[in-house]
Number of protein chains: 2
Amino acid sequence: MADEHTPQAINSPTPANQLPMNYGVLLYPAFQALDVFGPLDALNILSLKQTMNLSIIGPTLDPISTKPRNPSLNPKNSNFGESILPTHSITNPPPNLDVLVVPGGYGVRDDDITPIIDFIRTTYPSLKYLITVCTGSWLAAKAGVLDGKKATSNKASWAGTKVWGPNVHWVPHARWVVDGNIWTSSGVAAGIDVTLAFIREVYGEEVGKDVGRVMEYDPHTDASWDPFAEVYNLTE
Amino acid sequence: MADEHTPQAINSPTPANQLPMNYGVLLYPAFQALDVFGPLDALNILSLKQTMNLSIIGPTLDPISTKPRNPSLNPKNSNFGESILPTHSITNPPPNLDVLVVPGGYGVRDDDITPIIDFIRTTYPSLKYLITVCTGSWLAAKAGVLDGKKATSNKASWAGTKVWGPNVHWVPHARWVVDGNIWTSSGVAAGIDVTLAFIREVYGEEVGKDVGRVMEYDPHTDASWDPFAEVYNLTE
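Rules of the game
- Residues numbered from 1 in each chain as written.
- Chains lettered and ligands numbered in written order.
- Predicted model: local features only at pLDDT ≥ 70, side-chain atom pairs only at ≥ 80, totals over all residues.
- Heavy atoms only, no water.
- Buried < 20%, exposed > 50% of the residue type's maximum accessible area, 1.4 Å probe, protein only.
- Helix = DSSP H or I, 4+ residues; strand = E, 2+ residues; numbered from the N terminus.
- Contact = heavy atoms within 4.5 Å.
- Buried area = accessible area lost by both parts, 1.4 Å probe.
- Polar contact = N/O pair within 3.5 Å; in protein donor to acceptor, adjacent residues only side chain to side chain.
- Nonpolar A, V, L, I, M, F, W, Y, C, P; charged D, E, K, R; others polar.
- Pairing = 2+ DSSP bridges.
- Axes fitted to C-alpha atoms, helices over the stretch in contact; angles between N-to-C directions.
- Least-squares fit on C-alpha atoms with pLDDT ≥ 70 in both.
- Phe/Tyr/Trp six-rings, centres within 6.5 Å; stacked < 30°, edge-to-face > 60°.
- Parallel < 35°, antiparallel > 145°, perpendicular 65-115°, else oblique.
- Left-handed = near helix turned anticlockwise from the far one by under 90°.
- Right-handed = clockwise from strand over helix to strand, strands pointing away.

Draft legend 1. Region of interest: helix 7 (residues 205-214) of chain A. Every buried residue of helix 7 of chain A is accounted for by V207, G208, D210, V211, G212 and V214 of chain A. Positioned one or two residues after helix 7 of chain A, E216 of chain A has a phi angle of 50°, which is positive.

Structure follows, in structure tokens:
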């Protein structure tokens, strides 16, 4: 099924020996599933044409569930969620990470999130790129790595941006924002768009288009496209 | 963060006591990640307003990886994939499934897929709804449950449809197709659109719109929208 899920050969704008190779995703309980698997499936597809490794980094090596832990968030007593198996823990992380993906989700507000924020703070200086999705940017902001930088986040919970990152230049009307080597996106599905934009930038326009085509996804390629900012009456 | 990921209250077109409650997703090695997590994250969000249970059903209870097992599919020797933990196995499945979601992926062509196909065949008669994404429709076709029905599938590997389902009325130009209680979608990201269409139909238009808004996803709401059929020159 090579015709199904494999992008075309790479004609990259980045010299081959400088391409990122070691990717990581930072998970915690009650992460938002699509924040993670939108970006990762674009990268799964890319990894079949490009040598890439993925580390799934959790608080411990225990499986990590998407289920909200705060009972008030689950008023109908649903038993609905998915559990992912980490490959590494934050106390024994992979060496030489090039790219770290940080999702959002209800769990960002849980009391035990501090070690996750600390991991971002200590890991960021050696990264080539940091990509956040949704309220993942709150964690990056709290870690201090967004201070003085432009960034965006989930639009429905925009009020939290000021609380989590008082020194960040938050951009309310944006599908994604790039500042230096940090790519932040709006909520949930915007993670697909920021990742495809990242692939176009780093690996080349055609490679990014191919990955989108393999995903049968019609990407938003304009970083300022954002009807959700209007839904929530957010203005600059 | 109730404002972030929670849809509004439900005004459903389906009587409350007939709404589907027990969802299952059928996984196998080398499934396509977004085929699963596009639909499931829409349903994760819905489950916070509606009593719903999810069973993750695998060949066994072992973690299931997205990694292609055929080395020819991974020519760059990447080590890139995600492992999901099943809650049930096909030999000890959950009782009373209402909805079964079947993803596609490279694994559909692996030799050990037969028990997965058999599970679809034996489970379908008691389901309220079957939803397939991408080449998940090949598995449903091989199980015989699509015989004489209209269905669609991944567009890049369209040639496989005739092989896997010679008695199916395959629709090449469609984002998704509904025939009776079977909803089949096109490749990968189309799983998000078919799931939101399913939610609109079963739980009501506003509920479906809300879930899309929480996901910050701009859905394709026209089932005949399909630029990917044109990419691959597919005609009726």
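Okay, back to it.
Draft legend 2. Spatial organisation of the interface of chain A and chain B. Of the residues lining the interface, 72 residues belong to chain A; the matching set on chain B comes to 71 residues. Buried area between chain A and chain B, summed over both chains or domains, comes out near 5,800 Å², and the portion from carbon and sulfur atoms is 58%. Linking chain A with chain B are 32 residue pairs in polar contact (both at pLDDT 80 or more), by the criterion used here. Listed by contribution, the elements that provide at least two residues to the side of chain A that touches chain B are helix 1 (2-5), helix 2 (33-46), strand 2 (53-58), strand 4 (83-84), helix 6 (190-203), helix 7 and helix 8 (227-231) of chain A. Considering every element that reaches the side of chain A that touches chain B, the biggest residue donor is helix 2 of chain A, with 9 residues. Split by residue class, the side of chain A that touches chain B holds 36 nonpolar, 24 polar and 12 charged.

Draft legend 3. Structural context of the environment of S126 of chain B. Residue and element names in this part refer to chain B. Among the structural elements, S126 can be located in the loop between helix 3 (114-123) and strand 7 (129-132). Along the primary structure S126 and V99 are separated by 27 residues, whereas in three dimensions their C-alpha atoms are 9.4 Å apart. Separated by 3.2 Å, the side chain of S126 and the backbone oxygen of T123 make a polar contact.

Draft legend 4. Just the sheet that holds strand 11 (residues 182-185) of chain A, in detail. Residues and elements named next belong to chain A. Within the open sheet, the 7 strands sit side by side as 5-2-1-6-7-11-10. Their pairing is mixed. Single-partner strands in this sheet number two, and they are strand 5 (88-89) and strand 10 (176-179). Summarising the sheet, strand 7 (residues 129-132) and strand 11 pair through 3 bridges and their orientation is parallel. Its bridge partner lying in strand 11, T132 is registered against T184. With respect to the sheet, helix 6 is in contact with strand 1 (22-26), strand 6 (99-102), strand 7, strand 10 and strand 11, its orientation differing from that of strand 11 by roughly 150°.

Draft legend 5. Here's a closer look at the relation of the copies chain A and chain B. Superposing chain A onto chain B takes a rotation of 180° plus a shift of 0.0 Å along the axis, which leaves an RMSD of 0.0 Å. The superposition of one copy onto the other is thereby described by a two-fold rotation axis. Minimal C-alpha separation from the rotation axis in chain A is found for I84 of chain A, amounting to 2.4 Å. Interface residue correspondence from chain A to chain B reaches 99%, placing this contact among same-surface, isologous pairings.

Draft legend 6. Structural context of the packing of aromatic side chains. With the rule as written, the count across this model stands at 13 aromatic pairs over all chains. Between F80 of chain A and Y23 of chain B, the aromatic rings sit 5.9 Å apart at their centres with planes inclined by 70°, giving edge-to-face as the arrangement. Here F80 of chain A is found in the loop between strand 3 (64-65) and strand 4, whereas its partner Y23 of chain B is found in strand 1 (residues 22-26) on a different chain. According to the relative accessible area criterion, F80 of chain A is buried, its value standing at 4%. Between the aromatic rings of W158 of chain A and W170 of chain A, the centroid separation amounts to 6.2 Å while the plane-to-plane angle is 80°, which identifies the pairing as edge-to-face.

Draft legend 7. Representation of the packing of helix 2 of chain A against helix 2 (residues 33-46) of chain B within the structure. At their nearest, the axes of helix 2 of chain A and helix 2 of chain B sit 9 Å apart, and the two run at 165° to each other. In terms of orientation, helix 2 of chain A and helix 2 of chain B fall into the roughly antiparallel class. Regarding helix 2 of chain A and helix 2 of chain B, the two cross each other, and that crossing is left-handed. Side by side, helix 2 of chain A and helix 2 of chain B meet where A33, L34, F37, G38, D41 and N44 of chain A of the first sit next to A33, L34, F37, G38, D41 and N44 of chain B of the second. Here the residues of the contact of helix 2 of chain A with helix 2 of chain B sort into 6 nonpolar, 4 polar and 2 charged.

Draft legend 8. Fine view of the pairing of strand 6 (residues 99-102) of chain B. All names here are of chain B. Neither face of strand 6 is open: one carries V99 and V101, the other L100 and V102, and all of them are buried. Strand direction decides the pairing type here: strand 1 and strand 6, joined by 3 bridges, are parallel. In the strand pairing of strand 6, V25 is matched with V101. Here 4 bridges tie strand 6 to strand 7, and the two strands are oriented parallel to one another. When the sheet's bridge partners are listed, V102 is paired in strand 7 with T132. For the segment spanning strand 6, helix 3 and strand 7, crossover handedness is right-handed.

Shape descriptors only; they carry no functional weight alone.
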